[in-house]
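Descriptive analysis of the structure
The residues making up each chain are set out below.
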Amino acid sequence: MSDGGTAAQARFGTGQAKGAAVGFTDPDAQKAAVADVRDDAMATDTDWCLFGFETKKTIGLVGKGTGGCDALMEAVQDGRAMYGLFRVTEKMDASTTVKFCYVVWQPPDVPVMMRGLLSTHKGEVTGAFRPFHCDFFAASRSDLNHEQAMHHLSGL
């Protein structure tokens, strides 16, 4: 090959696995919900949004609102893989810092076939929520709350 690649790369690609196709049922709603959480002017009080699988290949908006991490964790559903984003505010001395956290919710009762698909969807789904300061994986509601998130963000 003239570009320095190998014959195997020409036949099979770059060697990097391509994830299974997945998309948002309403990409505009997804972008708007994430933008609401990220809104620096805080035109709305929305500080979390949550998305869940509707089919093996589509993810839809489940909810958004106020109450941050704790409200998001109340909204997650058993038996359903979900993804969320929440905003936290830290006040130190005279400055206020806003940080964003990404959550992957995968309770133990998610069907086995869906579990297998989640790892192939990871890159594409995670990219829709970037940038964020930290990410969390939760399998039960007790795995994550506001206090735990703040502890993690502060690096203690």
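Residues numbered from 1 in each chain as written. Predicted model: local features only at pLDDT ≥ 70, side-chain atom pairs only at ≥ 80, totals over all residues. Heavy atoms only, no water.

**Quick look at the confidence of the model for the protein chain**
Put simply, the rule is: Confidence of the predictor at the level of single residues is captured by pLDDT, which takes values from 0 to 100. Runs of E in the DSSP output that reach at least two residues are strands. Runs of H or I that reach at least four are helices, and both are numbered from the N terminus. Whether two residues are in contact is decided by their heavy atoms, any of which lying within 4.5 Å being enough.
On average, residues of the protein chain score 87 in pLDDT, and 86% of them are at 70 or above. Helix α3 (residues 68–75) holds the highest mean pLDDT among the elements of the protein chain, 98, whereas helix α1 (residues 7–12) holds the lowest, 36. Contacts of residues 1–17 to residues separated by more than four positions or lying in other chains number four contacts, the stretch itself having pLDDT below 50.

**Things to note about the pattern of salt bridges**
Put simply, the test is: The rule for a salt bridge is simple: a side-chain nitrogen of Lys or Arg has to be within 4 Å of a carboxyl oxygen of Asp or Glu. Relative accessibility thresholds used throughout: buried, under 20% of the residue-type maximum; exposed, over 50%; partly exposed, between the two (1.4 Å probe, protein chains only).
All told, the structure shown has three salt bridges when counted by the stated rule. Residue aspartate 78 pairs with arginine 141 through a salt bridge whose shortest N-O separation is 3.0 Å. In this pair, aspartate 78 sits in the loop between α3 and β4 (82–92) while arginine 141 sits in the loop between β6 (134–138) and α5 (146–154), placing the two residues 63 residues apart along the sequence. For aspartate 78, a relative accessible area of 52% gives the class exposed. Between lysine 99 and glutamate 90 there is a salt bridge, and its shortest N-O distance comes to 3.2 Å.

**Some thoughts on the environment of glutamate 124**
Residue position: glutamate 124 is located in helix α4 (residues 112–127). As a C-alpha pair, glutamate 124 and valine 22 span 102 residues in sequence and 7.4 Å in three-dimensional space.

**Some thoughts on the layout of surface pockets**
Filter applied, for reference: Buriedness for pockets is judged along seven lines, at least five of which must meet protein on both sides within 12 Å for an open set on the 1 Å grid over protein atoms alone, while cavities are sets there where a 1.4 Å probe fits but cannot get out, and lining residues have an atom within 4 Å of a point. Grid points are joined across faces, edges and corners, and a volume is the space filled by probe spheres set on the points.
Looking at the largest pocket, its volume works out to about 220 Å³. If you go around the largest pocket, the residues you meet are Tyr83, Tyr102, Val104, Gln106, Leu118, Ser119, Lys122, Thr126, Phe132, Asp135, Phe136 and Phe137. Secondary-structure elements contributing two or more residues to the lining of the largest pocket are β5 (95–105), α4 and β6. Among the elements that line the lining of the largest pocket, the one with the most residues is α4, at four residues.

**Quick look at the sheet that holds β5**
The condition that has to hold: Paired strands, as defined in this entry, are two strands with at least two bridges between them according to DSSP. Helix axes use the C-alpha atoms of the stretch in contact, all axes being lines fitted to C-alpha atoms, and the angles between their N-to-C directions lie in the range 0 to 180 degrees.
Taken in spatial order, the six strands line up as β1-β3-β2-β4-β5-β6 in an open sheet, and their pairing is mixed. Edge positions in the sheet fall to β1 (23–24) and β6, since each of these pairs with one other strand and no more. Relative to β4, strand β2 (residues 48–53) is paired through five bridges, and the arrangement is antiparallel. What sits directly across from tryptophan 48, in β4, is phenylalanine 86. Along the sheet, α3 contacts β2, β4, β5 and β6; its crossing angle with β2, the most-contacted strand, is approximately 25°.

**Quick look at the packing of aromatic side chains**
Spelled out, the test is: Stacked, edge-to-face and tilted labels apply to pairs of Phe, Tyr and Trp rings (six-membered ring for Trp) whose centres lie within 6.5 Å, assigned for plane angles under 30 degrees, over 60, and everything in between, in that order.
All chains considered together, the criterion is met by eight aromatic pairs. The interplanar angle of 5° and the centroid separation of 6.3 Å between the aromatic rings of tyrosine 83 and tyrosine 102 together place this pair among those described as stacked. Pair noted here: tyrosine 83 is in strand β4 and tyrosine 102 is in strand β5, with a separation of 19 residues, a long-range link. Classification of tyrosine 83 as buried rests on a relative accessible area of 4%. The exposure class assigned to tyrosine 102 is buried, which follows from its relative accessible area of 1%.

**Structural notes on the nonpolar core**
This is how it is decided: Nonpolar core, defined: a set of buried Ala, Val, Leu, Ile, Met, Phe, Trp, Tyr and Cys residues in which side-chain atoms within 4.5 Å join the residues together.
Core analysis: the largest hydrophobic core is formed by 21 residues, its most contacted members being Phe51, Phe53, Ile59, Tyr83, Leu85 and Phe129. The set of elements that each furnish at least two residues to this core consists of α2 (27–38), β2, β4, β5 and α4. Dropping the residues within four chain positions of it, phenylalanine 53 is found in contact with Val22, Thr58, Ile59, Arg80, Ala81, Tyr83, Met114, Leu118 and His121. Core analysis: the second largest hydrophobic core is formed by 20 residues, Trp48, Val76, Phe86 and Met150 among them.

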